[in-house]
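Structural overview for review
What follows is each chain in one-letter form.
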Amino acid sequence: MKSSRNALALVLLAWLYGCSGDKDNSEPPAQLQPLKEAIPLSLEWKLDTRAASNNAAYRLQPLHLGDRVYTIDTGGTVSCVDLKRGRILWKYMTGLKSIAGLGGNAESIVATSQDGDIATYRLLEKGLEPTWQIRIDSEIRARPVVDGGQIFLRSVDGKIRSLDIADGSQQWLLSRRVPTLSLTGNSVPLVQGRTVYVGFDDGKLVAIDRRSGQIYWEATVSIPAGRTEVERLVDLDGDFVMRDGILYVSSFQGRLVAIQAVSGDLLWSRQFSNFQAIAIDDNAIYLTSDSSDLWAIDRRTGAAFWKQDALHARRLTAPAIVSDRLVVADFEGYLHWISRDDGRLVGRIRVGEERSYVQPLNWRDSVLTLDKFGLLALVSPRQ
């Protein structure tokens, strides 16, 4: 069963992300059209962070801490980059076959691997110092979350763990059944106060007491429907968000919902298919559909403010909020600036030639992007 599930997962991975050289036999990507009165953009710097081949559909999200960013590649090399100068300050070889981004805080870095390794390192000025390493019996495809001395770890086998960051000891474990077929990614746990919110492959969202691992409530975001296993996919793989006590969660081939964080009560829902992160401000949530259309949704009612389909099928990342605009990266190395007010395309710059799988990062109203081969770039609007 495990071999069969892995084979099916690889098929789904190729279908969703276009692993074979980014070729896609479905809809052709929209052709880019000239922009009128485009905002001027400046490529501040770019550099190659890889020490091993990264040609895979993995969300190796950089870890941003202060004026530095930390990346890891599929060979396990951690690079520390000075954001101000665009320089690699040091590299450290972990030896891990990493397929998820790093977790961490100002004192420690946590790295994981496809073999189930979890390793922590003390963060030093000129490198890392190993502290402990353990192994679990599962792949890890979601970056670990470090909060208040705890590591929250979601693994492919449907388990969520709390580990003590000091020594790796397990504090609690919650396990859920994994469907026969599911997407290869996992959503990152969301920690808010005493509660950890976790999305699972069966379309369920679960609220957990971070101290004991006891379940407060669970809510159904989407119910599997259809005759085939592919049609019944409803994974909660996109990172969800919370604002003013309300959770906003989306599923693949399912729904976008607003849920009361305290009780799990459903406030509103609408049909939507998404497996990427959600961005949010005071008025709206912003997300990329699985067909690469950008949407702005009223977070109070679920009604659409606007939809932008000029980048249809360009295999966009999740959007990042940068000042009064959104920024996404596409499969040809372009970064696109979109007005938050009405969805107009207002800027574009090409920083490389390869696809990015990870959501851009906002640093001082500049945009940090990482492509699949480890090209890290910083772009700023010019005054």
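Every value quoted in this text rests on a predicted model; they were computed, and no experiment measured them.

The subject of this paragraph is the packing of aromatic side chains. Going through the model one piece at a time under the given rule, you end up with seven aromatic pairs. Seen from their ring centres, tyrosine 248 and tryptophan 268 are 6.3 Å apart, and the 45 degrees between their planes marks the pair as tilted. Remark: tryptophan 268 occurs in strand E21 (residues 266-272) and tyrosine 248 occurs in strand E19 (residues 246-250); sequence separation between them is 20 residues. Neither residue differs from the other here; tyrosine 248 and tryptophan 268 are each classed as buried. With a centroid separation of 5.6 Å and an interplanar angle of 80 degrees, the aromatic rings of phenylalanine 272 and tryptophan 295 are classed as edge-to-face. Taken as a pair, phenylalanine 272 in strand E21 and tryptophan 295 in strand E24 (residues 294-298) lie far apart in primary sequence, 23 residues in all. On the basis of relative accessible area, phenylalanine 272 is assigned to the buried category, the value being 7%. Positioned above the aromatic ring of phenylalanine 200 is the side chain of arginine 176, whose terminal nitrogen or guanidinium carbon lies 5.5 Å from the ring centre. Stacked on the ring of phenylalanine 331, the Lys or Arg arginine 315 has its end atom at 4.4 Å from the ring centre.

This next bit is on the sheet that holds strand E11 (residues 150-154). The strand order across the open sheet formed by four strands is E10-E11-E12-E13, and the pairing between neighbours is antiparallel. With partners counted over all chains shown, the strands left at the sheet margins are strand E10 (145-147) and strand E13 (170-175), one partner each. Between one strand axis and the next, the sheet turns through 15 degrees on average, direction left out of account. The pairing of strand E12 (residues 159-164) with E13 spans five bridges and is classified as antiparallel. Of the residues in E13, the one forming a bridge with leucine 163 is glutamine 170.

Let us look at unusual backbone geometry. For arginine 315, which is not glycine, the phi dihedral falls at a positive 55 degrees. Of note, arginine 315 is situated in the loop between strand E25 (304-308) and strand E26 (320-322). Take arginine 315: its relative accessible area is 10%, and that puts it in the buried class. Even without glycine at this site, serine 323 takes up a positive phi of about 60 degrees.

About the criteria used
Residues numbered from 1 in each chain as written. Predicted model: local features only at pLDDT ≥ 70, side-chain atom pairs only at ≥ 80, totals over all residues. Heavy atoms only, no water. Phe/Tyr/Trp six-rings, centres within 6.5 Å; stacked < 30°, edge-to-face > 60°. Helix = DSSP H or I, 4+ residues; strand = E, 2+ residues; numbered from the N terminus. Buried < 20%, exposed > 50% of the residue type's maximum accessible area, 1.4 Å probe, protein only. Lys NZ or Arg CZ within 6 Å of the ring centre and 35° of its normal. Pairing = 2+ DSSP bridges. Axes fitted to C-alpha atoms, helices over the stretch in contact; angles between N-to-C directions.

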